[in-house]
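# Remarks on the overall topology
Residue-level listing of the chains:
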Amino acid sequence: VVFTLREGKRMRELATRALGAKATYTFDRIIGESDLLKETIRQGKLAAHSDITTLIIGESGTGKELFAQAIHNASSRANQPFVVVNCGALPRNLVQSELFGYDEGAFTGARRGGKEGLFEMAQDGTIFLDEIGDLDPSCQVKLLRVLQDQTFEVLGDSRPRKTDIRVVSATNADLRKMVGERTFREDLFYRINLITVRLPALRERREDIPLLARHFADRQAEANGFPRTEFSADALQFLSRLPYPGNIRELKNLVERTILVNGKPTLDAAD
């Protein structure tokens, strides 16, 4: 019989790497020169200098995960795991076991040896709870305990386990309204937004649109081996006037689609 013993922390690093749980964006990679964006970056850097729980709010497509990665990479935990949890995508009947893990025999069909939860995988690092407004109410209580006591319980084991993680949350929902409607816990709301970073909508910083459009065009050219695409002045004016309900994600898709469809060296407003 051969026993292979590995240190737990090293195994968590391997697991998070296999999940793609790594933050790649930094504040200097965030594109824009508007005063509004600069102020948002300043707030993000302030949040990064401590372990205080941070809430990022903004419409869909404004770059909430990008900011969460930048906060992580500017913090003292930069070399530790960055684990992303899409709260809206967690199966309702599995949410607790996914977040906090389970012991062997905790339920019918439980994996032999149990399973490490996402909170354990994020040990010493940052866990990013995206769309936290969609978190199941039963799990909101457990999350509150993690934030208050830095402990959690694995399914099938009543012994509390200590954790050392930084929690960053994000939402495009009105959490205050949800608190009033009793669909989101008030005590949890006040625990997750000790610092709030509000990401501006793209229509609020229109002067950044030409910079972003050129960036997406250059990135597409580099990725696909295309010649560099330019924009005429009227094309940039046209792009800058659009309302962008999908924000930066919508602009990116529009630019990439237009380049592929037209294949011209210079795009104008008609394109």
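Check the entry above for the structure.
Residues numbered from 1 in each chain as written. Predicted model: local features only at pLDDT ≥ 70, side-chain atom pairs only at ≥ 80, totals over all residues. Heavy atoms only, no water.

### Describing the state of the cysteines
Scanning the entire structure with this criterion turns up zero disulfides. Note on Cys87: no disulfide assigned, nearest cysteine sulfur contributed by Cys139 at a separation of 8.5 Å. (Disulfide = S-S within 2.5 Å.)

### Description of the layout of surface pockets
Here the largest pocket is characterised by a volume of approximately 710 Å³. Of all the elements in the fold, those that place two or more residues in the lining of the largest pocket are helix H3 (64-73), helix H9 (209-224) and helix H11 (247-262). Of all the elements, H3 adds the most residues to the lining of the largest pocket, at five residues. Among the residues forming the lining of the largest pocket, the class breakdown is eleven nonpolar, six polar and nine charged. (1 Å grid on protein atoms, 1.4 Å probe; cavity = no way out; pocket = protein on both sides within 12 Å on 5 of 7 lines; lining within 4 Å. Points joined across faces, edges and corners; volume = space filled by probe spheres on them. Helix = DSSP H or I, 4+ residues; strand = E, 2+ residues; numbered from the N terminus. Nonpolar A, V, L, I, M, F, W, Y, C, P; charged D, E, K, R; others polar.)

### Side note on unusual backbone geometry
The residue Asp124 is not glycine, and still its phi comes out positive at about 75°. Among the secondary structure elements, Asp124 is positioned in the loop between helix H5 (118-121) and strand E3 (126-130). For Gln150, which is not glycine, the phi dihedral falls at a positive 55°. Residue Gln150 is classed as partly exposed on the basis of its relative accessible area, which comes to 24%. (Buried < 20%, exposed > 50% of the residue type's maximum accessible area, 1.4 Å probe, protein only.)

### Overview of the nonpolar core
Ranked by internal contacts, the top residues of the largest apolar core, which has 32 residues, are Val85, Leu99, Ile127 and Phe184. In terms of residue count, helix H6 (residues 137-149) provides more of this core than any other element does, five residues in total. Not counting chain neighbours up to four residues away, the residues in contact with Phe184 comprise Ile132, Gly133, Gln140, Leu175, Met178, Val179, Phe189 and Ile192. (Core = buried A, V, L, I, M, F, W, Y, C linked by side-chain atoms within 4.5 Å. Contact = heavy atoms within 4.5 Å.)

### What about the packing of aromatic side chains?
One pair of aromatic rings is described through two measures. These are the centre distance and the angle between the planes. Evaluated as defined, the whole model comprises five aromatic pairs. Residues Phe27 and Phe67 carry aromatic rings whose centres are separated by 6.1 Å and whose planes lie at 75° to one another, so their mutual orientation is edge-to-face. Taken together, the positions of Phe27 in the loop between helix H1 (8-18) and helix H2 (35-48) and Phe67 in helix H3 put the pair 40 residues apart, joining distant regions of the chain. Exposure remark for Phe67: the relative accessible area of 4% places this residue in the buried category. (Phe/Tyr/Trp six-rings, centres within 6.5 Å; stacked < 30°, edge-to-face > 60°.)

### A closer look at the packing of H9 against H11
Working note: a packed helix pair is described by the angle between its axes plus the distance between those axes. Where H9 contacts H11, the axes come no closer than 9 Å and their chain directions differ by 50°. In terms of their interaxial angle, H9 and H11 are classed as oblique. Taken as a pair, H9 and H11 cross one another with a handedness that is right-handed. Residues Ile209, Leu212, Ala213, Phe216, Ala217, Arg219 and Gln220 of H9 form the contact with H11, whose own contacting residues are Ile248, Leu251, Lys252, Val255, Glu256, Ile259 and Leu260. Looking at side-chain class alone, the contact of H9 with H11 contains ten nonpolar, one polar and three charged residues. (Axes fitted to C-alpha atoms, helices over the stretch in contact; angles between N-to-C directions. Parallel < 35°, antiparallel > 145°, perpendicular 65-115°, else oblique. Left-handed = near helix turned anticlockwise from the far one by under 90°.)

### Examining H11
Between the first and last C-alpha of H11 there are 23 Å, a value that for 16 residues agrees with the 22 Å anticipated at 1.5 Å per step. The set of residues buried in H11 consists of Asn247, Ile248, Leu251, Val255, Glu256, Thr258 and Ile259. Looking at the buried side of H11, the elements it contacts are H9, strand E8 (230-231), helix H10 (233-241) and strand E9 (266-267). At the C-terminal side of H11, Gly263 shows a positive phi close to 60°. (Expected span 1.5 Å × (residues − 1).)

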